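A structural walkthrough
Residues per chain are reported as follows:
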Amino acid sequence: MATIEKLTESLGIGEVAERTGLSVHALRFYEREGLLVGPVHRTAGGRRRYSPTDVDWLGICVRLRESGMPLAELKRFAGLVRQGPGNEPERLRLLDAHQRRVEEQIRALEECRSVIARKVGVYADHVARGAAAGLWDPTTAAD
């Protein structure tokens, strides 16, 4: 019974790829680059087996990368986690700096969204009134 439980607790690389949204190639890259917090276990035949903890960690890595964390910082963070307790202030500094960058990106995107919303409103209004022809047409000469 313990063997069946162990098998259901571990996942193959294809299953992990499906759950995390990472490709099999990306999962191998993450392992090679030292981005995982523990070793990936292997079967007697050499096939990778991932634990639920591995999958949870990969989910964090995906979000950090999607939010723009540089690979070098993600490696540093993973290394600190791998080292275990005692370096939490350094982990916090890394995450705090990243959070500030993400918040700045969000502010910049909100400004972009505002400009786009104004332009959509202008174009929607002109199209609805049938007056869109020549709307901000750089090919026409100004009088």
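Residues numbered from 1 in each chain as written. Predicted model: local features only at pLDDT ≥ 70, side-chain atom pairs only at ≥ 80, totals over all residues. Heavy atoms only, no water.

This part covers the packing of aromatic side chains. Counting across every chain of the model gives two aromatic pairs. Here Phe-29 and Tyr-30 contribute two aromatic rings whose centre-to-centre distance is 6.4 Å and whose plane-to-plane angle is 65 degrees, an arrangement assigned as edge-to-face. For Phe-29, a relative accessible area of 26% corresponds to the partly exposed category. You can call Tyr-30 buried: its relative accessible area is 7%. Measuring from centroid to centroid gives 5.6 Å for Trp-57 and Phe-77, while their planes differ by 25 degrees, and the two rings are stacked. A residue pair is termed long-range when its members are at least 10 positions apart, and Trp-57 in helix H4 (residues 52-66) and Phe-77 in helix H5 (residues 71-83) qualify at 20 residues. (Phe/Tyr/Trp six-rings, centres within 6.5 Å; stacked < 30°, edge-to-face > 60°. Buried < 20%, exposed > 50% of the residue type's maximum accessible area, 1.4 Å probe, protein only. Helix = DSSP H or I, 4+ residues; strand = E, 2+ residues; numbered from the N terminus.)

Scanning the model with the defined rule gives nine salt bridges in all. Among the salt bridges present, the one from Arg-63 reaches Glu-66, with a minimum N-O distance of 2.4 Å. In this pair, Arg-63 and Glu-66 both sit in helix H4, three residues apart, roughly one turn of the helix. Exposure remark for Glu-66: the relative accessible area of 57% places this residue in the exposed category. (Salt bridge = Lys/Arg side-chain N within 4 Å of Asp/Glu carboxyl O.)

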